[in-house]
Amino acid sequence: MRKIFLNSVLASEIAAFLKRKLHGADLAVYGPCAAGQPTDNCMIYVEDVRALPVSALKKTADVLVLCPRPVPRGAPCSSIATPTPKIHFIDAVNKFFTRPIAAQIHPRAVIEEGAKLGRNVSVLAGSYVGPDVEIGDDTTIFQNCVVTGRVRIGARCVIKANSTIGSEIFDFVYEDGAWQQVPQVGRIIIGDDAWFGANSTIEKGALTDTVIGPGVKVDDLVQIGSGSIVGKDSIIASGSVLCREVTVGTRCWIAPHVSILERRRIHDGSVVGLGAVVIADVPKGATVAGNPARTIRRRKG
Amino acid sequence: MAGAKAAVFREKLTGYLRAQLSRLEAAHGRDSAEYRALALQYAKSPLEDRHAGRGERERHYESEVHIHYDGKPLRGVERLYRRTILIEPTTVCAAHCRWCLRGQYPLFSLSEDDIVRAARYCGSAPVRDDLREILITGGDPLMVPQRLEFIFTQLRAHAPNILIYRIGTRVPVQDPERVSKDLLGILRAAAPAKIEIGTQVNHPSELTPEARQAYAALYEVAFKIYDQTVLLKGVNDSVDVLSRLYDDFRYMGIEAHYLFHCIPMKGMAHHRTSVRRGLELMQDLTSSGAFSGRAKPMYTVMTDIGKVSLYHGVILERNEDDEVLLQTRYRVEDFKRRNPSWKAPASAQPDKDGTLRVWYPDGADDGPAEAAHEKR
């Protein structure tokens, strides 16, 4: 985890780091700003030179702009031309204006004996890590999380506050006049660089494992049901629910407030639109939307 | 201590300084000594464009002090004294003090390669036998904490002979918010080397609660904070202001080190008093019984060959160009031994023992400290 850090760097140093040319006078940059709200000695980016906030720039001194073309001479700022302003902006901010947050196990976190923690793992106040949990290097578990059961979390993962990874699963059969809980022997396996928003829950598998691939990003308030599999680099936005044993392929995009019925398959590269209720499998590369979800676009070719 | 763009030394203030000026104006008015004490330090004056002063210069001393290492010059490194080397990681400052010694230096920052070479030089034979401390100045090193951290890492790796990292900064009185936990963490990580902070406060009104808090925080990581006030016409050329200032330092644990006579930088004659005025003030401070002897600074001028502390008897004579000849204990052979490329400037002349005497341009007590129409 990194945090913003007040530094001072010359625009020429930023240009050299990005291997781009600086147009206009060299200047000192203290940190990043939103394009519409520049302050003195800041760095902003715009995706289009026409979006340059000229009147705001006239009221500020020493602004560096990352944009697709050099800012014309006489403009009230200096610029670095790049085909990818946002990506280079992020790179420069990470290099010069953030610092790693020192890892810490908060004295009020509970780490059970037997848990295996990698290097630079942070577990913040109020979180619980059970005895059968393994956590990779540089992973951060924010406040008040519960990680329990047979869980393996990869390196550089982030679990935001109040999330539950593991714990009991919601899977019952009605027998002899009462709901009986199914056996719970599955594990949870989370790949490197996965990210979970606040108040998210991931259930362990009943008989099979719940598997979250590397690079998966899960927004706040998402539930991933028992035995589900989410492929590499997929995104699941806020408020979505994956019922039991759902399979999501790689590089899928699940929009906010999507519900996916148990055991359905969302194939690689597909998009599930806002609020969709998925009751049938989604083909590879398709875009589906609505209740019930229907295909509104198929991948060409 | 700041970078010029195309030889224009721009006016530059922080949001914090602007807020302080508004506060002082609201509390005391634009004509008050408190408001002017701050405004004169940072507001660009039309008087700066009148190149009237004699002997004014673009650099604060005219010696050749740059160093060659491995056949190439070391960027941003100067050596004038035996025990100490000076490194300037950046010329960026939070705000521009108008009389800045390095106001005419171009905007630049040292690259990581430059820093690695400088650290290697500091730890190389035979330099390492003499060098015990490094003065990290600029610019303001606390403006570039990331670079500062890199300097520390490199010095630790290549020059363990350096035991004291001395940092020159005005950040606590210009942008105290920058004295953050992150910055303190970086300074703390310099151990086992020790951190010493050299600062400059010129008027008690600069010591706001925020500035005091910043100095207190720096004292958690520094073994000493010392001050080098500059004697500035209209700001602190009175016994009352100086004694209040040094009382405050005493309370804050800041050592009063130098009271500098203002250097004859280009366009800055209006900030300068005469050398004699400073001597009178020093005598009032030190020889009147009105002031704690523990709080007395050394009154010093920066000449072409280095610093000379002034006492009665140090000034040998005065010429028709209003320069004063100062007796020093600097010796040509010492300079040559420390840095073979050193050349005596025209203002310095050795006496028959090889001890240097140096001509230093005097200032004037008459004449305004600001242009009539810019009265605030």
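Small disclaimer: the values here were computed from a predicted structure and weren't measured. (Residues numbered from 1 in each chain as written. Chains lettered and ligands numbered in written order. Predicted model: local features only at pLDDT ≥ 70, side-chain atom pairs only at ≥ 80, totals over all residues. Heavy atoms only, no water.)

So, about the overall build of chain A. Secondary structure assignment for chain A yields three helices and 38 strands. Here the C-alpha coordinates of chain A stretch approximately 85 × 50 × 30 Å along the principal axes. Relative to its 301 residues, chain A shows a buried fraction of 47%. In chain A, the share of contacts with a sequence separation of at least 24, taken over all contacts with a separation of at least 6, comes to 22%. Element-wise, carbon and sulfur atoms account for 53% of the exposed surface of chain A, whose accessible area totals about 14700 Å². Seen as two clouds, the 35 positive and the 28 negative side-chain charges of chain A have centres 10 Å apart. (Helix = DSSP H or I, 4+ residues; strand = E, 2+ residues; numbered from the N terminus. Buried < 20%, exposed > 50% of the residue type's maximum accessible area, 1.4 Å probe, protein only. Contact = heavy atoms within 4.5 Å. Areas by Shrake-Rupley, 256 points an atom, 1.4 Å probe, with all protein chains shown as cover. Lys, Arg positive; Asp, Glu negative; His and termini not counted. Charge placed at Lys NZ, Arg CZ, Asp CG, Glu CD.)

The next subject is helix H5 (residues 145-158) of chain B. Taking 1.5 Å per residue, 14 residues should reach 20 Å; H5(B) reaches 20 Å between its end C-alpha atoms and fits that length. Elements in contact with the buried residues of H5(B): helix H1 (11-18) of chain A together with helix H3 (112-122), strand E6 (133-136), strand E7 (164-169), helix H7 (181-188) and strand E8 (194-199) of chain B. (Expected span 1.5 Å × (residues − 1).)

With that settled, the discussion passes to the pairing of strand E4 (residues 84-87) of chain B. All names here are of chain B. Neither face of E4 is left uncovered, since the one carrying Thr-84 and Leu-86 and the one carrying Ile-85 and Ile-87 both have all their residues buried. Where strand E3 (residues 72-78) lies against E4, two bridges are found, and the strand directions are antiparallel. Bridging across to E4, Glu-78 finds its partner in Leu-86. In terms of strand pairing, E4 meets E6 through four bridges, oriented parallel. Within E6, the position partnered with Leu-86 by the bridge is Leu-135. (Pairing = 2+ DSSP bridges.)

Before going further, it helps to spend a moment on the domain arrangement of chain A. You can read the domains of chain A as domain 1 (2-100) and domain 2 (110-297). Distance between the C-alpha centres of domain 1 of chain A and domain 2 of chain A: 38 Å. (Domains from an automatic or database assignment.)

Here we come to the interface of chain A and chain B. Listed by partner, the interface residues are 19 residues for chain A and 21 residues for chain B. Interface of chain A and chain B: buried area, both sides summed, is about 1600 Å²; carbon and sulfur atoms make up 44% of it. For the pair chain A and chain B, the interface holds four salt bridges. Where chain A touches chain B, the interface holds 10 residue pairs in polar contact (both at pLDDT 80 or more). For the side of chain A that touches chain B, the secondary structure elements donating two or more residues are strand E1 (2-4) and helix H3 (85-96) of chain A. Tallied by class, the residues present in the side of chain A that touches chain B amount to nine nonpolar, three polar and seven charged. (Buried area = accessible area lost by both parts, 1.4 Å probe. Salt bridge = Lys/Arg side-chain N within 4 Å of Asp/Glu carboxyl O. Polar contact = N/O pair within 3.5 Å; in protein donor to acceptor, adjacent residues only side chain to side chain. Nonpolar A, V, L, I, M, F, W, Y, C, P; charged D, E, K, R; others polar.)

Through backbone hydrogen bonds, the strands of a sheet pair up, either in parallel or in antiparallel fashion. All names here are of chain A. Taking strand neighbours across the sheet as the criterion, the five strands line up as E3-E8-E7-E6-E5 in an open arrangement whose pairing is mixed. Among the strands making up the open sheet, the edge pair consists of strand E3 (22-23) and strand E5 (31-32). Summarising the sheet, strand E7 (residues 64-67) and strand E8 (residues 78-81) pair through four bridges and their orientation is parallel. Looking across to E8, one finds that Leu-66 is bridged to Ile-80. Sitting on the sheet, H3 is in contact with E5, strand E6 (42-45) and E7, with an inclination near 150° to E6. (Axes fitted to C-alpha atoms, helices over the stretch in contact; angles between N-to-C directions.)

For the bond from Gly138(B) to Gly139(B), the omega torsion is 15°, close enough to zero to count as cis. For Gly139(B), the position within the fold is in the loop between E6 and H5. Here Ala191(B) and Pro192(B) are connected by a cis peptide whose omega angle stands at 10°. Of note, Asp62(A) is a non-glycine position whose phi angle comes to about 60°, a positive value. Tracing the sequence through the fold places Asp62(A) in the loop between helix H2 (54-58) and E7. Even without a glycine there, the phi angle at Arg251(A) is positive, about 50°. Relative to the helices and strands, Arg251(A) resides in the loop between strand E31 (247-248) and strand E32 (253-254).

Time to look at the packing of aromatic side chains. Applying the stated criterion across every chain, the model contains 11 aromatic pairs over all chains. Each ring, one from Tyr174(A) and one from Trp179(A), has its centre 5.2 Å from the other, and the planes form 75°; the classification is edge-to-face. Consider the rings of Tyr246(B) and Phe249(B), whose centres lie 5.7 Å apart with planes at 65°: the pair is edge-to-face. You can see Tyr246(B) and its partner Phe249(B) sitting in helix H9 (residues 239-252), three residues apart, about one turn around the helix. Of the two residues, Tyr246(B) and Phe249(B), both sit in the buried class. (Phe/Tyr/Trp six-rings, centres within 6.5 Å; stacked < 30°, edge-to-face > 60°.)

All names here are of chain B. Put simply, helix H8 (residues 209-219) and H9 touch, their axes get as near as 11 Å, and they point 40° apart. When the axis of H8 is compared with that of H9, the two are oblique. Remark: the crossing between H8 and H9 carries right-handed chirality. Across the interface between the two elements, Arg-212, Tyr-215 and Tyr-219 of H8 pack against Asp-248, Tyr-251 and Met-252 of H9. (Parallel < 35°, antiparallel > 145°, perpendicular 65-115°, else oblique. Left-handed = near helix turned anticlockwise from the far one by under 90°.)

In this section: the environment of His267(A). All names here are of chain A. Here His-267 lies in the loop between strand E34 (265-266) and strand E35 (271-272). Residues His-267 and His-257 lie 10 residues apart in sequence; the distance between their C-alpha atoms is 19 Å. Each residue touching His-267, except ones within four places of it in the same chain, is listed here: Gly-249, Cys-252, Val-282, Pro-283 and Lys-284.

This part covers the sheet that holds strand E16 (residues 355-361) of chain B. All names here are of chain B. Here four strands make up an open sheet; going across it, the order is E13-E14-E16-E15 and the pairing antiparallel. In this open sheet, the two edge strands, each paired with only one partner strand, are strand E13 (315-318) and strand E15 (348-350). Adjacent strand axes in the sheet meet at a mean angle of 30° when their direction is disregarded. Bridging between E15 and E16 involves three bridges; their strand directions are antiparallel. Counterpart to Pro-350 in the pairing with E16 is Leu-356.

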